[in-house]
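# Observations on the three-dimensional arrangement
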Amino acid sequence: METMGAERAEGNIALNVQIQHAGYEEGKPIVHDVAFDVRQGELVALIGPNGAGKSTTVKGVIGMLRHMSGKVKIGNGEGRYAYVPEQPVLYDYMTLWEHLRLAASVFHLAEAEFEERAERLLERFRMSGVRHNLPSSFSKGMQQKTMLIIGFMLQPDVYIVDEPFVGLDPRATMEFLELLESERQRGAGILMSTHVLDTAERIGERFVLIDNGTVVASGTLADIRMQSGGGPEDTLFACFSRLT
């Protein structure tokens, strides 16, 4: 992975984040001085302990915070992103297929293209048999699969994924990681917020470690090891433990 990361590092910037401060109430920032970028074809893992500011950062990136000073740019300013939240956001009165069709219409996908992508992803995640069911009847894992299918169907410039492994069984996790790699090869940038550090270390090319609302370390695993004062064989978890 590190070799591929080095090759991709020369790619254009897919996502640039410059947050001076952001929070949920005026004058009460949760995060401050958070700056990083994601290159095309690169996966950057956003990590940190609970309450460190990961979710607030993600919400700032996708424009969900009213009280934020800073700027976020996707590609040349006209790029598109797909957001996969930790807690699935689905309509109680719409079937799985209707959710997919709605997302496709927002992205202006042609009918034939929509059907081909949707069918392929439903089959891959073993959800073809429930396409006309209401997601409100699904398990948490199936609801998470629904969100992933929507994201992958849209093939955006940037994926912003918040704790994607919650509720996924091992096979769905494998399918998710394979599709992510395929999208990276296509050139999509990926920002993934996660606390699953062993997986983050395996698939991430660069890391942004947040603690107490600000960035305390960033870069490749070698960079993180150096910034944490660790050795050349230290795991991401060991570096995480020293820095937080």
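Residues numbered from 1 in each chain as written. Predicted model: local features only at pLDDT ≥ 70, side-chain atom pairs only at ≥ 80, totals over all residues. Heavy atoms only, no water.

Where an unreviewed UniProt entry is consulted, the chain appears under the name ABC transporter related protein, with the organism given as Paenibacillus curdlanolyticus YK9.

## Considerations on the overall build of the chain
Put simply, the test is: Numbering of helices and strands starts at the N terminus; helices are DSSP runs of H or I of at least 4 residues and strands are runs of E of at least 2. Using C-alpha atoms as the atom set, the radius of gyration is obtained and then compared with a globule rule of 2.2 Å times the number of residues to the power 0.38. Categorising residues by exposure relies on relative accessible area from a 1.4 Å probe, with only protein chains included: less than 20% of the type maximum marks a residue as buried, more than 50% marks it as exposed, and the intermediate range marks it as partly exposed. The criterion used for residue contact is that any of the two residues' heavy atoms lie within 4.5 Å. To be clear on the numbers: accessible area is Shrake-Rupley with a 1.4 Å probe, and residue cover counts the displayed protein chains and nothing else. Only four residue types enter the charge count: Lys and Arg as positive, Asp and Glu as negative, with His and the chain ends excluded. Charged side chains are reduced to one point each, which is NZ for Lys, CZ for Arg, CG for Asp and CD for Glu.
A count of helical and extended segments in the chain gives nine helices and nine strands. Computed over the C-alpha atoms, the radius of gyration of the chain is 18 Å, within 12% of the 18 Å expected from 2.2 N^0.38 for a compact globule of 244 residues. C-alpha atoms of the chain, sized along the principal axes, occupy 55 × 40 × 35 Å. Put simply, the chain has 244 residues, and 50% of those count as buried. A separation threshold of at least 6 residues defines the contact pool for the chain, and within that pool the share at least 24 residues apart is 69%. Total accessible area computed for the chain in this model is approximately 11600 Å², and 50% of it derives from carbon and sulfur atoms. Across the chain, the 24 positively charged side chains and the 33 negatively charged ones have centroids separated by 2 Å.

## Quick word on the pairing of strand β2 (residues 28-39)
What counts, and what does not: Two strands qualify as a pair provided DSSP detects at least 2 bridges between them.
Pairing of strand β1 (residues 13-25) with β2 involves ten bridges; the strand directions are antiparallel. Across the sheet, residue I13 finds its bridge partner in β2, namely R39. If you look at the hairpin formed by β1 and β2, you'll find two residues sitting between the two strands, and G27 has a positive phi there, around 75 degrees.

## Structural notes on the packing of aromatic side chains
Defined as follows: When the centres of two rings from Phe, Tyr and Trp lie within 6.5 Å, Trp using its six-membered ring, the rings pair. Their planes under 30 degrees apart give stacked, over 60 give edge-to-face, and anything left gives tilted.
Enumeration over the complete set of coordinates arrives at five aromatic pairs. On the basis of an interplanar angle of 50 degrees and a centroid distance of 5.5 Å, the ring pair of F152 and Y159 is categorised as tilted. Here the two residues F152 and Y159 agree in accessibility, since each one is buried. Put simply, the rings of F152, Y159, F165 and F176 pair up and form one aromatic cluster.

## Details of the nonpolar core
To keep it simple, the criterion reads: For the purposes of this section, nonpolar cores are sets of buried Ala, Val, Leu, Ile, Met, Phe, Trp, Tyr and Cys residues that join through side-chain atoms within 4.5 Å.
Counting residues in each nonpolar core, the largest one holds 50 residues, and the members touching the most others are L100, F152, M153 and F176. The dominant element in this core, judged by the number of residues it contributes, is helix α5 (residues 140-154), at seven residues. When near neighbours in sequence (up to four residues on either side) are disregarded, M153 contacts L100, A103, A104, L109, F114, R117, A118 and L121. Core analysis: the next-biggest nonpolar cluster, separate from the first, contains 22 residues, A14, L15, V17 and V31 among them.

## Topic: the environment of A110
Tracing the backbone shows A110 in the loop between α3 (96-106) and α4 (111-124). For A110, a relative accessible area of 44% translates into the label partly exposed. Separated by 115 residues in the primary sequence, A110 and R225 place their C-alpha atoms 47 Å from one another.

## What to know about the packing of α5 against helix α6 (residues 170-186)
For the record, the criterion: Axis definition: a line fitted to C-alpha atoms, limited for helices to the stretch in contact. Angles are taken between N-to-C directions and run from 0 to 180 degrees. In this scheme, roughly parallel covers angles under 35 degrees and roughly antiparallel covers those over 145, while 65 to 115 is roughly perpendicular and the rest are oblique. Crossing chirality is assigned from the near helix's rotation relative to the far helix, an anticlockwise turn below a right angle marking it left-handed and a clockwise turn marking it right-handed.
Two numbers describe how α5 lies on α6: the axes approach to 12 Å, and their chain directions differ by 15 degrees. Between α5 and α6, the angle is such that the two are roughly parallel. With respect to the hand of their crossing, α5 and α6 are arranged in left-handed fashion. Contacts between α5 and α6 involve K145, L148 and F152 from the first element and A172, F176, L179, L180 and E183 from the second.

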